[in-house]
Amino acid sequence: MLDTCESILNATNILSSIRFHFELLIDKNKNSIHNNNNTIPETVFLNKLLNIKQTVKLSNTSNSSSKAQHFEQFSSQQISENYGMIPLESTQVDLSYINISKSFIWTVQRIQIEMSSIDAYQLHLVVTRYLSKLKHRPRHLLVFINPQCGKGKGRSVYEKKVLPLFEEANIIVDTIYTERANHARDYINEHVSLDNYDGLICVGGDGIFSELCHSLLLKTARQAGLNMDDPKIDIKQPELRIGIIPAGSTDAVTFGTTGHNDPITSTLQIITGESLLIDIVTVHSERGFVCFMATMLAYGFFGNIIRQSDNWRLFGPLRYNLAGFFQFLRNTSYHTELIITEPLEKYDSKALINNLNRHLFGNTMQWQETIGEKIDSEQSSVPLVIRREGQYRTINCLNMPCRCEKSKYGISPSVHLGDGSFDIILVKRSWRMGLFRFLRHVANDARTIEELSNVERYRATEVIIRPVITQQKEIGNWACDGELITANEVRIRAHHRALNLFASGICSEQIKKINKK
């Protein structure tokens, strides 16, 4: 029996998706299986198992009464040592596992099976030893909770939904409730080593995720001796993964990496050790390093909304809608120059001409200059550098689609999370109706946003955004990941898969199914 267990465990080291079949067990115990949704699965994925417990009814010959003995996840050695003590009575096994719905919501399902103690012991031994061998699953986590996020729901989300699942999965958790802005950042910076942890988790919105992202990336850069004021520096990927459990108002990061802002789904993806490498973008001004960008950098309209809403905090969450309406009425545009470096691709002469025609005749703005190495008649690997200049309502650089409850597909649905590039959305000066059409597409379906005559989209690895200022009042506001930044001009550059998240990732077809639901 133990040899069989060893063979199973050896197989799990080779195959990442072994299924645990128990059809025979179901046939044998059809009348003694119960679960919490009255649906008996034919298979359970081993890597989606959460926990197993058994309750043994002990028979006492000197006393007709019975007792219940509860076994948690003992080690295989402990179980083996007590094998002779296992009674040949009926045993109830409680098996919890993760189910993924058609809309990609992760939930916990529980099955109760009554079987002989020997069968229960064998099942418990194999499952327990298997779970202990899963190296990609975290065992020790550091969790930061923002109790003020999402109208003060951060604490209740963690204590009622998240913590019980961590405990069921036997994960050791160190918990810190943040008391001020940048509390999580300061904690990580002040602690020399985080080697005892398998990951950093935040419960809250995009703001506290940005804190963890910045502090971990900067800590890693300092330890590697990198000069972050150099815009050409290649940042180093931290060894720790970051997980975010949504409890904020927009939750763009979890929408972009799991498809939902569901705390249970995000928690279970952390427990199972899901891994998603995403790009990170560095933002530099004329004075040096400014910040990292995980979701979006905005100049103009959306930056102005952040500035205005900061001045109207007395209106609470309503301030964002009021600020947006106010900026819509202003309909201000900004004279700006951009130098865009597109991803390295194979160009031939015909493809290059078509690309130039797209920029020359694809919009009403005059195309001014294309910078690049000389292209021969065959093929050459060169980046295409494009210079754009004009009046823009808003300039948006997106590292994620930025989906949320108010935007079904996000501002740029096709942006890739880990290909070393980001998207640039330019909205040119137009009447208010042109801006309204852009905002309507963002809310309903931005997949067709390029069909608008006042919108241009580019895919870039780097961009320099330089406002052309003749009077100080003509400059717009900059915002990165929802926070205001100060700069006269910015240079942003993508870094390929620079951060590892506890997340499954999601594709465009999955987004379609989610929106249909």
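Just above sits the structure.
In this numbering scheme, every chain counts its residues from 1 along its sequence in written order. Selection of residues for local features in this predicted model requires a pLDDT of at least 70, selection of side-chain atom pairs for listing and counting requires 80 or more, and totals for whole chains, interfaces and linings are taken over all residues. The side-chain numbers reported here are obtained from all heavy atoms of the structure, hydrogens and water having been left aside.

### Digging into the environment of His 495
A run of H or I in DSSP counts as a helix once it spans at least four residues, and a run of E counts as a strand once it spans at least two, with each numbered from the N terminus. With respect to the helices and strands, the residue His 495 is situated in strand S25 (residues 490-501). Along the primary structure His 495 and Thr 461 are separated by 34 residues, whereas in three dimensions their C-alpha atoms are 8.3 Å apart. Any two residues whose heavy atoms approach within 4.5 Å at even a single point are treated as in contact. The contact partners of His 495, leaving out residues within four places of it in the chain, are Ile 233, Asp 234, Ile 235, Asp 279, Ile 280, Val 281 and Thr 282. Within the structure, the side chain of His 495 is placed 2.9 Å from the side chain of Thr 282, a separation counted as a polar contact. Identification of polar contacts relies on pairs of N or O atoms within 3.5 Å, with a donor-acceptor requirement for protein atoms, meaning one able to donate a hydrogen and the other able to accept it, and with residues adjacent in sequence counted only if both atoms are side-chain atoms.

### Brief notes about the nonpolar core
Definition of nonpolar core: a set of buried residues of the types Ala, Val, Leu, Ile, Met, Phe, Trp, Tyr and Cys, connected through side-chain atoms within 4.5 Å. Each residue is placed in one exposure class: buried if its accessible area under a 1.4 Å probe, protein chains only, is under 20% of its type's maximum, exposed if it is over 50%, and partly exposed if it falls in between. If you look at the biggest cluster of nonpolar residues, it comprises 34 residues, and the most contacted ones within it are Phe 209, Leu 212, Ile 280 and Leu 499. Going through the elements one at a time, strand S8 (140-145), helix H7 (183-190), strand S10 (199-204), helix H8 (206-223), strand S11 (241-246), strand S12 (276-285) and S25 are the ones with two or more residues in this core. Take this core: its biggest share by element is seven residues, from H8. For the domains described, the bounds stem from an automatic or database domain assignment. Three or more residues apiece are contributed to this core by two domains, here domain 2 (138-275 + 502-516) and domain 3 (281-359 + 381-495). Of all hydrophobic cores here, the second largest spans 29 residues; its members include Cys 291, Leu 297, Tyr 458 and Trp 478.

### Some thoughts on the packing of H7 against H8
Contact geometry of H7 with H8 gives a least axis separation of 8 Å together with a crossing angle of 20°. As judged from the angle between their axes, H7 and H8 are roughly parallel. Between H7 and H8 the crossing geometry is right-handed. Of the residues in H8, those in contact with His 183, Ala 184, Arg 185, Ile 188 and Asn 189 of H7 are Glu 211, Leu 212, Ser 215, Lys 219 and Arg 222. Only the stretch in contact is used when a helix axis is fitted, and all axes are lines through C-alpha atoms; the angle between N-to-C directions ranges over 0 to 180 degrees. These descriptions rest on fixed angle ranges, namely under 35 degrees for roughly parallel, over 145 for roughly antiparallel, 65 to 115 for roughly perpendicular, and the rest for oblique. Left-handed describes a crossing whose near helix is turned anticlockwise from the far helix through less than a right angle; right-handed describes the clockwise counterpart.

### What about the packing of aromatic side chains?
Centres within 6.5 Å are what make two rings of Phe, Tyr or Trp a pair, Trp counting through its six-membered ring; a difference in plane orientation under 30 degrees is then read as stacked, over 60 as edge-to-face, and the rest as tilted. This structure, assessed with the given rule, holds seven aromatic pairs. Where Trp 312 meets Phe 315, the ring centres are 6.2 Å apart and the plane angle is 80°; that geometry is what we call edge-to-face. Of the residues examined, Phe 315 reaches a relative accessible area of 41% and is grouped as partly exposed. Consider the rings of Trp 312 and Phe 326, whose centres lie 5.7 Å apart with planes at 65°: the pair is edge-to-face. With Trp 312 in the loop between helix H11 (301-311) and helix H12 (318-330) and Phe 326 in helix H12, this pair connects stretches of sequence that are 14 residues apart. Residue classification places Phe 326 among the partly exposed positions, given a relative accessible area of 33%.

### Considering empty space enclosed by the protein
A probe as big as a water molecule, rolled over the atoms, marks out the empty space that is left. Method remark: on a 1 Å grid restricted to protein atoms, a set of points is classed as a cavity if a 1.4 Å probe fits but cannot get out and as a pocket if it is open with protein on both sides within 12 Å along at least five of seven lines; lining residues have an atom within 4 Å of a point. Grid points are joined across faces, edges and corners, and a volume is the space filled by probe spheres set on the points. Considering all chains together, one arrives at two cavities of 30 Å³ or more under this definition. A volume near 50 Å³ is recorded for the largest cavity. Taken together, Phe 301, Asn 304, Gln 327, Asn 331, Thr 332, Tyr 334, Arg 393 and Leu 435 make up the full set of residues lining the largest cavity. Following the grouping adopted for this structure description, the nonpolar residues are Ala, Val, Leu, Ile, Met, Phe, Trp, Tyr, Cys and Pro, the charged ones are Asp, Glu, Lys and Arg, and the polar ones are all others, Gly among them. A breakdown of the residues in the lining of the largest cavity according to their chemical character gives three nonpolar, four polar and one charged. By volume, the second largest cavity is sized at about 30 Å³.

### Focus: the pairing of strand S13 (residues 288-293)
Two strands make a pair as long as DSSP finds a minimum of two bridges between them. Bridge count between S12 and S13: five bridges; the pairing is antiparallel. Its bridge partner being in S13, Val 281 is matched across the sheet by Met 293.

### Examining the state of the cysteines
Chemically, a disulfide is nothing more than a covalent bond linking the sulfur atoms of two cysteines. For this text, the term disulfide refers to a pair of cysteine sulfurs within 2.5 Å. Going through the model one piece at a time under the given rule, you end up with zero disulfides. Cys 480 supplies the cysteine sulfur nearest to Cys 213, a cysteine that is in no disulfide, at a spacing of 9.4 Å. You can call Cys 213 buried: its relative accessible area is 2%. Among the cysteines around Cys 402, which has no disulfide bond, Cys 404 carries the closest sulfur, lying 8.3 Å off.

### Topic: the pattern of salt bridges
What counts as a salt bridge is simple: a side-chain nitrogen of Lys or Arg found within 4 Å of a carboxyl oxygen of Asp or Glu. Following the criterion strictly, the structure yields 19 salt bridges and no others. As a salt-bridge pair, Lys 48 and Glu 274 come within 3.9 Å of each other at their nearest N and O atoms. Placement of Lys 48 in the loop between strand S3 (43-45) and strand S4 (49-60) and of Glu 274 in the loop between helix H10 (263-271) and S12 is noted, with a sequence separation of 226 residues between them. You can call Lys 48 buried: its relative accessible area is 13%. Residue Glu 274 is classed as buried on the basis of its relative accessible area of 19%. Overlapping salt bridges, with partners in common, bring together Glu 337, Arg 387, Glu 389, Arg 466 and Glu 489 in one network.

### Some points on unusual backbone geometry
Unusually for a residue other than glycine, Asn 170 sits at a positive phi of about 60°. Locating Asn 170 in the fold gives a position in the loop between helix H6 (154-168) and strand S9 (172-177). Of note in the backbone geometry, Asn 182 takes a positive phi value of approximately 65° without being a glycine. Along the chain, Asn 182 turns up in the loop between S9 and H7.

### Topic: the pairing of strand S22 (residues 462-467)
Counting buried positions over the six residues of S22 gives five, a clear majority of the element. Of the pairings in the sheet, the one linking strand S15 (residues 334-341) to S22 comprises six bridges and is antiparallel in character. By the bridge assignment, Thr 341 is partnered in S22 with Glu 462. Where S22 and S25 come together, four bridges link them in antiparallel fashion. By the bridge assignment, Val 463 is partnered in S25 with Ile 492.

### With respect to the side chain of His 140
Secondary-structure assignment places His 140 in strand S8. Its relative accessible area of 18% is what places His 140 among the buried residues. Within the local environment of His 140, its side chain forms a polar contact with the side chain of Asp 174, the two groups lying 3.0 Å apart. A polar contact is formed between the side chain of His 140 and the backbone oxygen of Asn 196, at a distance of 3.1 Å.

### Let's talk about H10
Counting buried positions over the nine residues of H10 gives eight, a clear majority of the element. Within H10 the residues assigned to the buried category are Pro 263, Thr 265, Ser 266, Thr 267, Leu 268, Gln 269, Ile 270 and Ile 271. Positive phi appears at Gly 273, one or two residues downstream of H10, with a value of about 75°.

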